[in-house]
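Here is what each chain is made of, one letter per residue.
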Amino acid sequence: MIGNDTAKASHDQPARPQDSAFLRACRGEPVPHTPVWFMRQAGRSLPEYHKVRQGIPMLESCTRPDLVTEITLQPVRRYAVDAAIFYSDIMVPLKAIGLDLDIVPGVGPVVANPVRTLTDLDPIRPLEAADVPYVTEAVRELVRNLGGTPLIGFTGAPFTLASYLVEGGPSRDHVATKALMYGAPDVWHALLSRLAGISSAFLRVQVEAGASAVQLFDSWAGALAPADYETYVRPHSQAVLEEVGRLGVPRIHFGVGTGELLPQMAAAGADVVGIDWRVPLSAGIDRVAGRAVQGNLDPALVFAPWEVVAEKARAILADGMRAPGHIFNLGHGVLPQTDPDMLARLVEFVHTESARH
Ligand code: CP3
């Protein structure tokens, strides 16, 4: 193991993750302060991440428990965030079942043989725990190191995974994905139900190894109109959320540009709904009917002067008080150019400001 010093945040955390502000907020219980973590907190904005990743391809780094443990702990040490997010990628379970894909720096996931027909589904087989022994090992090691800081496991939602598999890479308009969805609904539903099985299995591995919450990332679901989301996507995301609901950990459901989909994303079985920065948090709270919320500072806002950041963060904290539970986060992932000192300052601000209420 590279860095086995206990995470900084654990000094302020109760001994058990179950009692942490983060899990209390997920469950809608009173909290000593508003918990905060950042999507993509582990990774490209941290110099210590670049240092340990040097010369090691992204997907390979995800198969090395020593690196996964170190990279997951880096932002916890630096920022004293209220939760760690497991360092991996939404493409890892698909690579683990043998699909030919890679993550190209500056581009994103690239898939060698895009899925277009029923026979293209043949290689998309169920995921077994034995396919990802490095995930089990890294989660166990992390839980030992994190003390009372909870670990969030995650997976990609069926639509977002399908978008990469069908397009063969990142896409702005999701044209091939939508052509398959509208034009060959039998292939589409067969693909999404296979992906739902893989996503559920990937979450199960993480929870059984000790992750104490999960996040389902449907990053690109915002490309869909509500009626199409309902027909082609919601049932498959719901299958994942219902399956993992049996494991007894809180489920966070997040997508980008999903303002119009928030009621359906909540109804799919989320305990916490992630709100992106385009939707005022108070409007988001109204749309998710009694669920806890997570969000939603614009990730680009941390490039503004501190006074502006503080003012926006204060307004989000005040809005969040109206929800049964609020977890402070950005409205999407940390941008690579982000100044880590700004995030450290933001975490401290969220903790002190919210403790005053
Ligand atoms: O800190 C964390 O949030 C944990 C780790 C994490 C990564 N990817 C590591 C990563 C998580 C939760 C993800 C999820 C993920 N991966 C999503 C959903 C979240 C979101 O941001 O919407 C998506 C869509 C992907 C697919 C993916 N993987 C993209 C678009 C990219 C960026 C490609 C680029 O270089 O622009 C990746 C690569 C990736 N995943 C990196 C990291 C740290 C960067 C790898 C590098 O160092 O080059």
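Residues numbered from 1 in each chain as written. Predicted model: local features only at pLDDT ≥ 70, side-chain atom pairs only at ≥ 80, totals over all residues. Heavy atoms only, no water.

Caption draft 1: Spotlight on the overall build of the protein. Check the secondary structure of the protein and you find 14 helices and nine strands. In terms of overall size, the protein behaves like a compact globule, its C-alpha atoms giving a radius of gyration of 19 Å where 357 residues would be expected to give roughly 21 Å. By its C-alpha atoms, the protein is 60 × 45 × 40 Å across when sized along the principal axes. The 357 residues of the protein split such that 59% are buried. Taking as baseline every contact in the protein between residues at least 6 positions apart, the subset at least 24 positions apart corresponds to 75%. If you sum the accessible surface of the protein, you get close to 13,800 Å²; carbon and sulfur atoms cover 52% of it. Averaging the positions of the 31 positive and the 39 negative side-chain charges in the protein gives two centres separated by 2 Å. (Helix = DSSP H or I, 4+ residues; strand = E, 2+ residues; numbered from the N terminus. Rg over C-alpha atoms; globule rule 2.2 N^0.38 Å. Buried < 20%, exposed > 50% of the residue type's maximum accessible area, 1.4 Å probe, protein only. Contact = heavy atoms within 4.5 Å. Areas by Shrake-Rupley, 256 points an atom, 1.4 Å probe, with all protein chains shown as cover. Lys, Arg positive; Asp, Glu negative; His and termini not counted. Charge placed at Lys NZ, Arg CZ, Asp CG, Glu CD.)

Caption draft 2: Examining the environment of R234 more closely. Relative to the helices and strands, R234 is located in helix α10 (residues 226-245). On the accessibility criterion, R234 (19% relative accessible area) is buried. Once the C-alpha coordinates of R234 and V279 are considered, the two residues, 45 residues apart in sequence, prove to be 20 Å apart. In this view, R234 contacts Y229, Q264 and A268; residues no more than four positions away in its chain are not counted.

Caption draft 3: How the structure looks around the site of the ligand. Around the ligand, the structure places 27 residues, and the nearest of them are R40, Y49, D89, S219 and H332. Note that an oxygen atom of the ligand is positioned 3.2 Å from one of the backbone N or O atoms of Q41. Measuring from an oxygen atom of the ligand, one finds a side-chain N or O atom of R44 at 3.1 Å. (Near = heavy atom within 4 Å. Polar contact = N/O pair within 3.5 Å; in protein donor to acceptor, adjacent residues only side chain to side chain.)

Caption draft 4: Summary view of the packing of helix α4 (residues 65-79) against helix α6 (residues 133-146). At a minimum axis separation of 9 Å, α4 and α6 run at an interaxial angle of 40°. Between α4 and α6, the angle falls in the class oblique. α4 and α6 meet at a crossing whose hand is right-handed. Taken together, the residues of α6 that come into contact with α4 (itself represented by P65, V68, T69, T72, L73 and V76) are Y134, E137, A138, E141, L142, N145 and L146. When its residues are assigned to classes, the contact of α4 with α6 shows eight nonpolar, three polar and two charged. (Axes fitted to C-alpha atoms, helices over the stretch in contact; angles between N-to-C directions. Parallel < 35°, antiparallel > 145°, perpendicular 65-115°, else oblique. Left-handed = near helix turned anticlockwise from the far one by under 90°. Nonpolar A, V, L, I, M, F, W, Y, C, P; charged D, E, K, R; others polar.)

Caption draft 5: Fine view of the sheet that holds strand β6 (residues 251-254). One open sheet holds the seven strands; their spatial order is β1-β4-β5-β6-β7-β8-β9, and the pairing between them is parallel. At either margin of the open sheet sits one strand with a lone partner, and together these are β1 (84-85) and β9 (326-330). Across the sheet, α10 touches β5 (213-217) and β6, and the angle it forms with β6 is around 160°. (Pairing = 2+ DSSP bridges.)

Caption draft 6: Structural detail: a nonpolar patch on the surface. Taken together, V104, V107 and V110 make up a surface patch of nonpolar side chains, about 190 Å² in accessible area. Inspection of the secondary structure assignment puts V107 in the loop between β2 (101-104) and β3 (108-111). (Patch = residues over 30% accessible without salt bridge, like charges linked within 9 Å, V, L, I, M, F, W, Y side chains within 5 Å. Salt bridge = Lys/Arg side-chain N within 4 Å of Asp/Glu carboxyl O.)

Caption draft 7: Quick look at the pairing of β3. Pairing analysis gives four bridges linking β2 to β3, with the strands arranged antiparallel. Bridge pairing links I103 to P109 in β3. Following β2, the chain reverses through three residues before pairing antiparallel with β3; G106 in that reversal takes a positive phi of roughly 80°.

Caption draft 8: Highlighting unusual backbone geometry. With an omega dihedral of -10°, the bond running from G295 to N296 counts as a cis peptide bond. Mapped onto the elements of the fold, N296 is located in strand β8 (residues 292-297). Look at R40: it is not a glycine, yet its phi comes out positive at around 60°. One non-glycine residue with positive phi stands out, namely H174, at about 55°. Within the element layout of this structure, H174 appears in the loop between α7 (158-167) and α8 (175-183). Of the residues examined, H174 reaches a relative accessible area of 5% and is grouped as buried.

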